[in-house]
Amino acid sequence: TFIKTQIFLFLGNHNFLNVSFFSKFIKMTTDYITFEAEIKQNGTMNAAFVDFPFSTEELFGKKGQVKIKALLDEKVEYRGSLAKMKSNCHLLGLTQEVRKQLGKTFGDKVTVKLWEDQEERIVEIPEDVLEVFEKNKDAFEMYQKMSYTHRKEYMRWITEAKKPETRENRKVKLIEMILAGKKGI
């Protein structure tokens, strides 16, 4: 990926400043971007994100969603997306599991090392779930059209069942939810 060497820092008041002033806070190479950000809470929900302080259009040539890989605090690997969600800048969501691995919560600072993810996103479907999909081809077609994140969450939900009967019940519910148009867990 070609990334321009001129970087701009996006501020909440819609101004762009030359990042050279902020060089002690961020680092950029042609391979990745590193910055520090505060973990913010989404309203009153137990949902967190960090602001991506750069223009995705300048860096990646994209205004919308940008698929990324990240290394948080040099220890937790994360694969997700930068998304613009009714905000002035793109956001990087941080799951509860990621925050737990980091030992961090709302208001804490996190170092983000991030690069564009250009690999195909494949979700492994367990054999027993494939058997259920074979009997429900419409559900499988709808599942295949879902985003990587939704597909991944459905499979995680099934594989993390602790009891065999819970797994069986979830497979039935999976088909029902997909056919009802529910995009994810």
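That block above? That's the structure.
Residues numbered from 1 in each chain as written. Predicted model: local features only at pLDDT ≥ 70, side-chain atom pairs only at ≥ 80, totals over all residues. Heavy atoms only, no water.

Undergrad: How would you summarise the pattern of salt bridges if you had to cite specific residues and measurements?
TA: A full pass over the atoms with the stated rule returns 11 salt bridges. Glu-153 serves as the salt-bridge partner of Arg-156, at 2.5 Å between the closest nitrogen and oxygen. Remark: Glu-153 and Arg-156 occur in helix α5 (residues 148-159); sequence separation between them is 3 residues, near one turn of the helix. Note on Arg-156: relative accessible area 33%, which makes it partly exposed. (Salt bridge = Lys/Arg side-chain N within 4 Å of Asp/Glu carboxyl O. Helix = DSSP H or I, 4+ residues; strand = E, 2+ residues; numbered from the N terminus. Buried < 20%, exposed > 50% of the residue type's maximum accessible area, 1.4 Å probe, protein only.)

Undergrad: Can you lay out the pairing of strand β9 (residues 91-94) for me, pointing to particular residues and giving the numbers?
TA: As defined by bridge partners, strand β6 (residues 48-51) adjoins β9 across 4 bridges and the pair is classed as antiparallel. Of the residues in β9, the one forming a bridge with Asp-51 is Leu-91. Across 2 bridges, the pairing between strand β8 (residues 76-83) and β9 is antiparallel. The residue bridging Leu-82 from the neighbouring strand is Leu-92, located in β9. (Pairing = 2+ DSSP bridges.)

Undergrad: Before we move on, could you go through unusual backbone geometry and cite the residues and values that matter?
TA: Although it is not a glycine, Asp-73 sits at a positive phi angle of roughly 50 degrees. Along the chain, Asp-73 turns up in the loop between β7 (66-72) and β8. A positive phi angle, near 50 degrees, is found at Lys-86, a position not held by glycine. Within the fold, Lys-86 resides in the loop between β8 and β9.

Undergrad: Outline the packing of aromatic side chains, listing residues and values.
TA: In total, this model carries 6 aromatic pairs according to the counting rule given. Between Phe-133 and Tyr-143, the ring centres sit 5.1 Å apart and the planes meet at 40 degrees, which makes this aromatic pair tilted. With Phe-133 in helix α3 (residues 127-134) and Tyr-143 in helix α4 (residues 137-144), this pair connects stretches of sequence that are 10 residues apart. Here the aromatic residues Phe-35, Phe-52, Phe-54 and Phe-60 are joined through ring pairs into a cluster of three or more. The residue whose ring lies beneath Arg-79 is Tyr-148, and the NZ or CZ to ring-centre distance is 5.6 Å. (Phe/Tyr/Trp six-rings, centres within 6.5 Å; stacked < 30°, edge-to-face > 60°. Lys NZ or Arg CZ within 6 Å of the ring centre and 35° of its normal.)

Undergrad: Go over the pairing of β7 with me, naming the residues and quoting the values.
TA: In terms of burial, β7 is a largely internal element, 6 of the 7 residues being buried. In this structure, β7 lies alongside β8, joined through 7 bridges in antiparallel fashion. Bridge pairing in β8 places Leu-71 opposite Glu-77. Hairpin connection between β7 and β8: a loop of 3 residues separates the two successive antiparallel strands, and Asp-73 in this loop has a positive phi of roughly 50 degrees. The sheet contact formed by β7 and strand β10 (residues 109-116) spans 5 bridges and is antiparallel. In the strand pairing of β10, Ile-68 is matched with Glu-116.

Undergrad: Outline the nonpolar core, listing residues and values.
TA: Phe-52, Leu-72, Val-112 and Leu-114 are the most contacted members of the largest nonpolar core, which totals 24 residues. Where this core is concerned, the elements lending two or more residues are β4 (33-38), β6, α1 (56-60), β7, β8, β9, α2 (96-102) and β10. Sort the elements by how many residues they give to this core and β7 lands first, with 4 residues. One finds Ile-125, Val-129, Ala-139 and Leu-174 within the second-largest nonpolar core, a separate group that totals 17 residues. (Core = buried A, V, L, I, M, F, W, Y, C linked by side-chain atoms within 4.5 Å.)

Undergrad: Can you break down α5 residue by residue, with the values?
TA: The first and last C-alpha atoms of α5 sit 16 Å apart over 12 residues, in line with the 16 Å expected at 1.5 Å per residue. Taken as a whole, α5 has its buried residues at Tyr-148, Arg-151, Tyr-154, Met-155, Trp-157 and Ile-158. For α5, the secondary structure elements touched by its buried residues are β8, α3, α4 and α6 (164-179). (Expected span 1.5 Å × (residues − 1). Contact = heavy atoms within 4.5 Å.)

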